[in-house]
Amino acid sequence: MDPPSAVRDEDPEMEMQPIVPRGPVDPDGRKISRPNNWMMPSSRGRGRMATAVAHGESIMAMADSDVKKKKMLLVFLGILMVALVGMVAVKGDAVELEKIVEEGEIEVAHHDDTAATTVEEETTSSSSSSSSSTPAVHTIDLDGYLPKSMVTASDYVLPGSENAPPLSAAKGRPYYPIINHFQNRNPTGFYAKKWGYFDLEDPDPKWKGMMRPQPDFAAVPNRDVKSTDFPDGAWQKDKEYMTRFLEEAKKLVNRTIEAVYGEWGLGILQDGSVELSDEFMVNREAFYKWPKPSEQTLDGMTRRFIHHIMTGDSFKLVLGGHSAAAGHGAGFNASYVHQAGLVLEPVFAHLGVEFRSYNFAQGGMGTFQQALAGMDLRGKDADMLIWDSSMTEKNPPLTNFFYRQGLLAGNRAPFLYSGGGADPAAFEAIGASVGGYGALGYSPITTSEEQAKTLPWAARYDKCGPGGAAALCDSQKYDGKCWVEREDFTPAVKQDDLVGGQAKWHPGPKVHRARGRALALSVLFMLQHALDKWDELGTESGHPVAEEHWHVTDFYNGIKEKVPTVDGCYPGWKIGVTRRGLRETNQTDGRRLDLEGEWPSRLCNIPMQGRTLWGPRNNPMESSLLSILKPNAFGDVDPNILGSPAYMKGPDYFPPDRAAPWSTPPEPEVNPWEIAGSRRLLDNANASNAHQINSGNFLSSIEKENLPSAEEEAIARGTVNATALRILAEDPDAIVPGLGIDVKWGLSGVCDGTTHAWCERTNDVKCLYSAAQDNRGVICFNPLSGWVVFDVKNVKNGFIGARIEAWRGAGEIETAKGWKEVNNGGSGNYKKEGLERHLLQKAQQERDARYVEEMTNRIEEDMLLDDSSRRRLGGGQ
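Residues numbered from 1 in each chain as written. Predicted model: local features only at pLDDT ≥ 70, side-chain atom pairs only at ≥ 80, totals over all residues. Heavy atoms only, no water.

Within the protein chain, the secondary structure is distributed over 21 helices and 17 strands. At a minimum sequence separation of 6, the contacts of the protein chain that also span at least 24 residues come to 75%. Of the roughly 37900 Å² that the protein chain leaves accessible, carbon and sulfur atoms contribute 53%. (Helix = DSSP H or I, 4+ residues; strand = E, 2+ residues; numbered from the N terminus. Contact = heavy atoms within 4.5 Å. Areas by Shrake-Rupley, 256 points an atom, 1.4 Å probe, with all protein chains shown as cover.)

Right, dumping it as structure tokens:
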């Protein structure tokens with residue numbers, strides 16, 4: 001337990017104030033941030049305060065002024081003594097003197113949240129009075145800790161897309177990686193002054209401003225290096241470093257928990273400024289009741305947390321679901337999984353871990369189409385998995401299949417969240433980590449517009465009183481807007497007033513926020529438990545702790561091997577018939593759904609793989625159908641790649657978006673992600689000049705006139721397959737990739753399910769802040785297109801499935817328009833030059849725009865069907 005904080009008594013005759021314990025305990029000994037685990041403050045500190053008050057009263061009653069002089073002399077000597085000791089104290093610890101005199105002894109309180117004087121920099125106040133309430137700012141030189149270059153999530157490059165513009169799907173979104181515990185340190189922010197900050201500095205002068213040596217984590221599965229692999233100087237084996245790191249890590253987690261409580265007016269600041277009344281504590285107790293998981297699950301998550309922090313691994317929170325989970329009506333970034341990620345990302349960044357939340361929910365759909373691809377579309381490195389598709393998937397075997405593919409098909413064995421009709425309890429029997437995240441149980445009542453202004457920002461219109469006041473909450477249910485003005489870009493089309501998709505089954509931003517905070521709290525309490533256990537293990541046996549406590553390979557594999565023993569997978573469904581009882585022939589649009597045969601039951605226990613153009617999806621280009629298309633004779637997987645298809649299109653403006661006033665609390669309202677320590681935004685070289693960067697997307701009239709032929713450009717790349725060209729010319733029926741396919745990619749930009757995405761940020765979008773990533777791209781072909789050849793790798797169990805939209809018309813293939821024979825006689829459109837080729841490219845771009853509109857309308861229609869049992873589930877067979 002952290003030592004109690006001291007209240008400085010500047011006036012020796014002033015009545016003594018109660019000591020407000022810091023950390024997780026309030027003055028009455030009630031637990032603050034750790035439910036179901038009560039801790040009492042030190043009896044010595046409590047007794048000492050009572051004695052001091054008694055002695056203070058007797059001193060004030062004495063008429064002998066010499067006693068006061070002696071007291072002040074002792075205080076002065078004590079201050080001098082502490083000042084001298086402070087010069088050699090460990091940096092990061094600030095020492096304050098409590099002016100309490102008891103039998104000639106000086107009482108000293110140790111404050112870990114304030115910084116000692118350092119040679120680098122310190123700001124001090126002009127008086128001792130102000131310095132007692134404002135922590136000293138302790139800054140360090142960060143130059144040696146900042147990453148030198150940006151990275152992307154995937155190294156995959158589609159052939160022919162090497163020169164794609166920044167932030168296009170083909171190029172991806174670059175970012176600065178998390179590589180240490182210091183790079184996001186920000187002690188000067190607005191909230192740092194009141195809430196504290198992550199105040200870690202390397203205690204060894206030898207390593208200040210330098211990266212410590214690390215083993216080669218990539219050389220072994222799951223980064224499970226041996227303890228002996230940590231080189232001399234590694235922080236993981238440095239006792240002093242680990243002591244300071246765990247100390248600051250615990251404070252960070254506790255501070256963030258308190259910040260979430262603080263959003264609803266129930267947080268306890270470390271400066272003791274909150275009055276802990278009985279009503280306050282009752283409301284606080286009701287605010288959140290953590291559904292504490294089993295000891296097995298806590299042990300598994302402790303292993304995972306220690307491993308990821310020790311090895312600098314990533315941590316990924318992944319959701320699959322339907323339109324409500326996707327955030328329709330509220331906004332993609334407002335969805336609850338991202339509202340949790342907003343709080344958690346800066347916490348993990350301080351711990352040296354790259355955290356990401358992923359929302360792969362799809363409007364009008366469920367999770368089965370993704371689960372059939374295993375974890376290829378949701379990311380193989382998921383650490384936590386959430387199913388939320390109760391509207392579209394009411395059959396329990398579907399959730400079972402979702403969970404078991406999460407365990408079988410990924411690199412890890414993720415924690416399985418329950419809730420919303422999903423119950424993964426059966427998987428706990430094989431060692432998997434499972435549990436729920438609960439819900440927030442308290443929010444102050446809004447009774448009027450004027451009274452709402454007096455409530456904490458997050459709680460306004462959250463719950464309303466009866467009668468006429470109830471309409472206030474209804475009127476504020478959907479407050480997500482579409483645009484915030486910025487100086488460098490103005491959308492070409494008028495932005496809608498509110499994010500679209502409002503429906504009775506789509507919650508608004510406030511519901512998502514509350515649910516997301518409950519999800520974040522569940523993770524924080526498990527992380528808190530893990531840090532305590534790590535500290536305990538290190539105290540018992542030293543650092544690094546034994547491999548048996550943090551290696552994950554055997555832990556993951558042991559669970560995966562036992563998945564086939566879990567019952568409850570689907571009993572067998574007829575291929576082509578929807579799982580919700582939709583008629584075999586849809587009388588509305590004629591989509592046929594009546595193929596023969598059933599899905600083989602062995603799919604329940606096979607690690608599935610897959611590619612698609614539906615989204616959002618992890619690593620959009622690498623997980624796309626284009627990544628397994630075989631290149632044609634001209635070296636292109638897409639014969640229209642030179643015509644600026646959607647995946648080669650950059651955005652019309654660059655990140656970041658301006659802060660949205662409807663989702664970002666204004667200062668001084670409590671902002672948990674700022675209190676946790678938001679990452680510093682470094683200059684993004686890609687965003688320096690949007691107009692210049694994107695000039696490659698458009699051609700001037702002179703450039704159009706001087707266009708080389710497509711064949712010449714393909715030859716210039718040096719990838720023309722002469723043999724394939726000859727075969728195409730001699731044998732139109734040869735199984736060689738054709739030249740007449742259409743790739744209707746769908747949304748442009750990086751649509752990877754994260755809040756770091758930059759998806760469809762173009763001039764023609766009517767609600768740019770909705771950030772919706774629902775996507776249903778397709779590859780189209782007809783009898784004149786030639787063969788569509790996929791290179792399907794790693795097939796081990798003899799099952800290949802494909803989703804076909806056979807109801808589409810042949811006229812939808814713009815590439816083969818006007819052709820009279822297969823592959824247009826062997827050259828496709830590659831011999832079209834100049835204006836003819838430009839007109840073709842323009843037609844293809846117009847086709848892409850029409851398809852996006854068509855796709856968006858179909859998604860909205862699927863979502864808004866009142867009778868959810870008749871959802872078309874995307875059509876197709």
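The structure having been displayed, the exposition proceeds.
Strands sit in the order β6-β5-β7-β8-β9 across an open sheet of five strands; the sheet is parallel. Both outer strands of the open sheet, β6 (355-359) and β9 (434-435), are each paired with one neighbouring strand and no more. Here two bridges tie strand β8 (residues 415-417) to β9, and the two strands are oriented parallel to one another. Residue pairing for β9: tyrosine 417 is matched across the bridge by glycine 435. Here helix α9 (residues 336-350) sits on the sheet and contacts β5 (315-321), β6 and β7 (384-388); the angle it forms with β6, its principal contact strand, is near 170°. Against the sheet, helix α14 (residues 509-541) makes contact with β5, β7 and β8, and its axis sits at roughly 145° relative to β8, the strand it touches most. (Pairing = 2+ DSSP bridges. Axes fitted to C-alpha atoms, helices over the stretch in contact; angles between N-to-C directions.)

A complete count under the given rule lists four disulfides for this structure. At a sulfur-sulfur separation of 2.1 Å, the disulfide partner of cysteine 464 is cysteine 473. In this structure, the disulfide formed by cysteine 464 and cysteine 473 twists by about 90° around the S-S bond and is classed as right-handed. Both residues of the pair, cysteine 464 and cysteine 473, belong to the buried class. For the protein chain, the bonded cysteines pair up as 1-2, 3-8, 4-5, 6-7 when numbered in the order they occur along the sequence. (Disulfide = S-S within 2.5 Å. Buried < 20%, exposed > 50% of the residue type's maximum accessible area, 1.4 Å probe, protein only.)

Turning to a nonpolar patch on the surface, a few remarks are in order. Nonpolar side chains collect at one region of the surface, where Phe790, Val792, Val795 and Ile800 lie side by side and expose about 350 Å² of accessible area between them. In this structure, valine 795 sits in the loop between β17 (778-780) and α21 (834-863). Looking at valine 795, the relative accessible area reads 43%, which means it is partly exposed. (Patch = residues over 30% accessible without salt bridge, like charges linked within 9 Å, V, L, I, M, F, W, Y side chains within 5 Å. Salt bridge = Lys/Arg side-chain N within 4 Å of Asp/Glu carboxyl O.)

Turning our eyes to something else, we now look at the side chain of serine 770. Within the secondary structure, serine 770 sits in the loop between β15 (758-759) and β16 (775-776). Judged by its relative accessible area of 15%, serine 770 is buried. When near neighbours in sequence (up to four residues on either side) are disregarded, serine 770 contacts Gly331, Phe332 and Val499.

Turning our attention to unusual backbone geometry. Residues histidine 543 and proline 544 are joined by a peptide bond in cis, for which omega reads 0°. On the secondary structure map, proline 544 appears in the loop between α14 and α15 (553-562). The phi angle at asparagine 222 is positive, at roughly 55°, despite the residue not being glycine. In this fold, asparagine 222 is placed in the loop between α4 (192-195) and α5 (239-263). One non-glycine residue, asparagine 824, adopts positive backbone phi at about 55°. Assignment of secondary structure puts asparagine 824 in the loop between β17 and α21.

Core analysis: the largest hydrophobic core is formed by 78 residues, its most contacted members being Phe245, Tyr417, Leu521 and Trp534. Here this core gets 14 residues from one element, more than from any other, and that element is α14. When near neighbours in sequence (up to four residues on either side) are disregarded, tryptophan 534 contacts Met242, Phe245, Leu246, Ile306, Ile309, Met310, His543 and Val545. Residues Leu385, Phe402, Ala422 and Phe427 belong to the second largest nonpolar core, which totals 25 residues. (Core = buried A, V, L, I, M, F, W, Y, C linked by side-chain atoms within 4.5 Å.)

Direction vectors running N to C along α5 and α14 enclose 155°, while the axes themselves pass 10 Å from each other. Our classification of the angle between α5 and α14 gives roughly antiparallel. Considering how the two elements wind past one another, α5 and α14 form a crossing that is left-handed. When α5 is examined against α14, the residues Met242, Phe245, Leu246, Ala249, Lys250, Val253, Asn254, Thr256, Ile257, Val260, Tyr261 and Glu263 are found in contact with a partner set consisting of Arg513, Arg517, Leu521, Leu524, Phe525, Leu527, Gln528, Leu531, Asp532, Trp534 and Asp535. For the contact of α5 with α14, the class distribution of residues is 14 nonpolar, three polar and six charged. (Parallel < 35°, antiparallel > 145°, perpendicular 65-115°, else oblique. Left-handed = near helix turned anticlockwise from the far one by under 90°. Nonpolar A, V, L, I, M, F, W, Y, C, P; charged D, E, K, R; others polar.)

What follows is about the pattern of salt bridges. The final tally for this structure, using the stated rule, is 32 salt bridges. The salt bridge partner of glutamate 487 is arginine 658, with a shortest N-O separation of 2.8 Å. Note that glutamate 487 is positioned in the loop between α13 (470-475) and α14 and arginine 658 in the loop between β12 (614-615) and α16 (672-676), a separation of 171 residues in sequence. Overall, the relative accessible area of 68% leaves glutamate 487 in the exposed class. With a closest N to O distance of 3.7 Å, lysine 533 and glutamate 536 form a salt bridge. One end of the pair, lysine 533, and the other, glutamate 536, are both in helix α14, three residues apart, so they sit about a helical turn from each other. The partly exposed category is assigned to lysine 533, whose relative accessible area is 32%. Taken together, the shared-partner salt bridges in this structure form one network comprising Arg486, Glu487, Asp488, Asp657, Arg658 and Arg761.

What follows is about the confidence of the model for the protein chain. Low-pLDDT portions of the prediction should not be read for the details of their coordinates. Averaged over every residue, the pLDDT of the protein chain is 77; residues scoring 70 or more account for 72%. Confidence drops under pLDDT 50 across residues 1-65; counting only partners more than four residues distant or on other chains, this segment forms 117 contacts. In this model residues 74-133 is a low-confidence stretch, pLDDT under 50, and it forms 117 contacts with partners more than four residues away in sequence or in other chains. (pLDDT = per-residue confidence, 0-100.)

Right, let's get into the packing of aromatic side chains. Applying the stated criterion to the full structure yields 33 aromatic pairs. Ring centres of tyrosine 261 and phenylalanine 287 lie 4.8 Å apart, and the angle between their planes is 55°; this geometry places the pair in the tilted category. A residue pair is termed long-range when its members are at least 10 positions apart, and tyrosine 261 in helix α5 and phenylalanine 287 in helix α6 (residues 278-287) qualify at 26 residues. Phenylalanine 287 shares its class with tyrosine 261; the two are buried. Each ring, one from phenylalanine 402 and one from tyrosine 403, has its centre 5.7 Å from the other, and the planes form 70°; the classification is edge-to-face. The class for phenylalanine 402 is buried, based on a relative accessible area of 0%. (Phe/Tyr/Trp six-rings, centres within 6.5 Å; stacked < 30°, edge-to-face > 60°.)

A few words now on the environment of proline 221. Turning to its location among the elements, proline 221 is positioned in the loop between α4 and α5. Sequence spacing of proline 221 and valine 552 is 331 residues, and the spatial spacing of their C-alpha atoms is 9.3 Å.

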